[in-house]
Every structure is written in structure tokens, then in C-alpha cells.
Amino acid sequence: EDPALVEEFERRVAADEFIEPKDWMPEAYRKTLVRQISQHAHSEIVGMLPEGNWITRAPSLRRKAILLAKVQDEAGHGLYLYCAAETLGTSREEMVEALHSGKAKYSTIFNYPTLTWADIAAIGWLVDGAAIMNQVPLQRTSYGPYARAMVRVCKEESFHQRQGYEAMIALANGTGEQRRMAQDALNRWWWPSLMMFGPPDDKSPNTERSMRWRIKRETNDELRQKFVDITVPQAEFLGLTVPDSDLAWNEEKGGYDFGEIDWEEFYAVVRGEGPVAKERMKARRDAWEKNAWVREAADAHAARKRAAKVA
Ligand code: FAQ
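Residues numbered from 1 in each chain as written. Predicted model: local features only at pLDDT ≥ 70, side-chain atom pairs only at ≥ 80, totals over all residues. Heavy atoms only, no water.

Draft legend 1. Layout of the side chain of Thr32. Note on placement: Thr32 falls in helix 2 (residues 27-46). Of the residues examined, Thr32 reaches a relative accessible area of 5% and is grouped as buried. Within the structure, the side chain of Thr32 is placed 3.3 Å from the side chain of Arg209, a separation counted as a polar contact. Setting aside chain neighbours within four positions, we find Thr32 in contact with Arg209, Ser210, Trp213 and Ile215. (Helix = DSSP H or I, 4+ residues; strand = E, 2+ residues; numbered from the N terminus. Buried < 20%, exposed > 50% of the residue type's maximum accessible area, 1.4 Å probe, protein only. Polar contact = N/O pair within 3.5 Å; in protein donor to acceptor, adjacent residues only side chain to side chain. Contact = heavy atoms within 4.5 Å.)

Draft legend 2. Structural view of the packing of helix 6 (residues 117-135) against helix 8 (residues 176-195). Between helix 6 and helix 8, whose axes approach to 9 Å, the crossing angle comes to 35°. Crossing handedness for the pair helix 6 and helix 8: right-handed. The segment helix 6 lies against helix 8, with Trp117, Ala118, Asp119, Ala122, Ile123, Trp125, Leu126, Val127 and Ala130 engaging Met181, Ala182, Ala185, Leu186, Arg188, Trp189, Trp190 and Ser193. (Axes fitted to C-alpha atoms, helices over the stretch in contact; angles between N-to-C directions. Left-handed = near helix turned anticlockwise from the far one by under 90°.)

Draft legend 3. Spotlight on the site of the ligand. Neighbouring residues of the ligand: 34 residues in total, closest Arg35, Lys105, Asn134, Ser204 and Lys216. Gln39 has a polar side-chain atom sitting 3.0 Å from an oxygen atom of the ligand. Between Ser204 and the ligand, the recorded distance is 2.7 Å, taken from a side-chain N or O atom to an oxygen atom. Within the complex, the protein chains bury 90% of what would otherwise be the 1,100 Å² of accessible surface of the ligand. Put simply, the parts of the chain that give the shell around the ligand at least two residues each are helix 2, helix 4 (61-86), helix 6, helix 7 (144-172) and helix 11 (263-273). Looking at side-chain class alone, the shell around the ligand contains 13 nonpolar, 12 polar and nine charged residues. (Near = heavy atom within 4 Å. Areas by Shrake-Rupley, 256 points an atom, 1.4 Å probe, with all protein chains shown as cover. Nonpolar A, V, L, I, M, F, W, Y, C, P; charged D, E, K, R; others polar.)

Take a look at the structure:
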């Protein structure tokens, strides 16, 4: 790579300029972006599955309408993100194939089962809460199309978090059984939510370079700490207990100390050994195959329109 081009690129990134699709960029920058954006897109699409499972079982018409809208939003997020990745010269087919063959990663969080309605409330509160914490800084990520996609995604994600917390409030103020369901959901989703931020900084191979290139604006540990600090008081307001006996306010650092994450579990889930990983991938592959006729019909329609234009 031409050192003059690399230097100009580094200067632009350091000056907080956006890099756009037709600008020169180092191959490794392009590769890192395709990896992160496509994995982000896959997470949105696989993330529709645990919630989609509850659309027919939502406890009221209001909750059902909200959940339907939320799951549709996730599809939209996935599509914007695939488009952003396509501007880097990778095709949608390649990305989907990488997901279906198990080559591409998607967030560990979506490999856990949704056992009760309270899990849907907890996902909105915790999983969308963690997602926003990670995505707000990405609105200033150095690649223009990714940054702009994040603006709308964050607005919708913020509504998702609020509806989840509102559903948690309803359960926490409900019957004894509803309170027990809410606590049980918090117990099961707390640690996997902390894992969403990725490995600790000193074990994160990509962080240093991604921070220098301003792809990431905050590190995994910084974002995780912020999430804990914001979420613990929310759990207290609900009258629920965060399942961490090491959790303690640290006056000096102005944040919470918290217990050690089970990193073995994290790496096992990253490797594809999560509790419902096989079901998730099977659901994706089945949907892709069963709905092939939609893609074929759209292609045939487009071809006919093109032919009509020529004639
Ligand atoms: N799961 O060196 P790092 C949502 C991998 S939100 C799986 O730290 P990096 C909304 C990582 O890819 C969830 N793999 O990597 C929603 C790398 O492997 P690789 C999606 C993980 O990229 C809510 C290796 O470990 N959000 O979907 C995880 O600098 C509700 C080493 O890690 C995003 O994707 C993990 N948790 O930092 C939808 C946000 N953590 O690729 C439906 C954008 C790490 O080298 C319902 N992504 N790995 O083979 C990011 O901010 C970053 O990519 C991180 C990882 C922070 C996830």
C-alpha cells in the first residue's frame, strides 16, 4: 500500500472526517468493517428469532402490536447494515452464505432461549439497553454509511429499550408469580447481556486498531462498565436483585465493581455451542430455503421491467 495514501487516510481519520465508499482505504480497514458490520447485521436478523417466537403468545393486543413492530424494526436494522457492508464491495449473497455455513459470527446473546413472557421484557430492557450503549458511539464511527445507519437504528433501539423496561415495570408490580418471572428472567439474562460487549480489553485482538481507526469509539470494558452503572439502579427501582454477589458501589471510581464474567461460557457460545445455537441456525437456513420463491419472483419481476424498458 502506498505510504502517502496510508498517511492521508490516517490523517483524515484522526481529524474525525468520515471515510466514504469511493475513498481510498487500507485493505485491513475494509476487512475489519465488513467483518463488524456484517456480524452486526446477522445479529439483528438472528435476533428476530427469540422474540418472533412470542408474537403469537403476547399477553395482550397492545403487547402483541408492540412486539410485532419491534421485530420488524430489527429486520430493517439488518437490511440497512447489509447495505452499508455492500458499499465495501461484498455481496449480500456472500454475507448470508457466511452466516448459514457458520463462518460468520453473530452476537452470543441470541443463543439463549426465551422461556417465558418475562424474557421478552428482559430482552428489551437489557439486550436492547446493551445494544444502545454500544451503538450510540458508533454514530460517530469513521465509516460514513455505517455511522449514518446507526442514527436511525439508535432511535428505534431507544424505543425498544423503553418498551422493555415498561413491560418489566408491569411484571415487577404484578402478582407474586409475575414478580418471580421477572426476577428469573433477570437472573438468566444479566450475565449474557454483559458478554455482549465482547472479551476484556486485554484479550480483545481487534480493539486497539479499531480504536485508532475510530471504527470503535469506546472499548469493550468501558462500554460494559457504563452499562452496569446505568442498569443497576434500574433493577433497584424494579425491586429486583442483580444476580451478582460481588456487585458493590465503588465511590472512588464512581461506578460499580462487579463479579467476573464466565469467559469459558462466552467463548463456548462464540464457537457455536450456545444453548439454542443449532435451532437458531436451522431456523435461518429453513427460512432462506423456504422463501427462495420470493427472491426468484422479485428477480423475475425486475427482469421483466428491464425488458419492458428496453422495448
Ligand atoms: N458475540 O476483538 P474483539 C443487536 C468476537 S445488538 C459473538 O473485541 P471487536 C440489537 C468478535 O467478533 C448485537 N462474537 O472484536 C438487537 C471477534 O471475532 P472475529 C450486535 C463476539 O469486533 C437487540 C472476537 O470475538 N451488535 O443485535 C462477541 O473489536 C434485540 C474478538 O473480539 C453489534 O454487533 C459477542 N458478544 O468487538 C436485535 C455491535 N464479542 O470477528 C434484536 C457492533 C466479541 O475477529 C433484539 N459490533 N466477539 O472472528 C461491535 O461493536 C464489536 O464488533 C464487538 C466486538 C464489541 C461486538
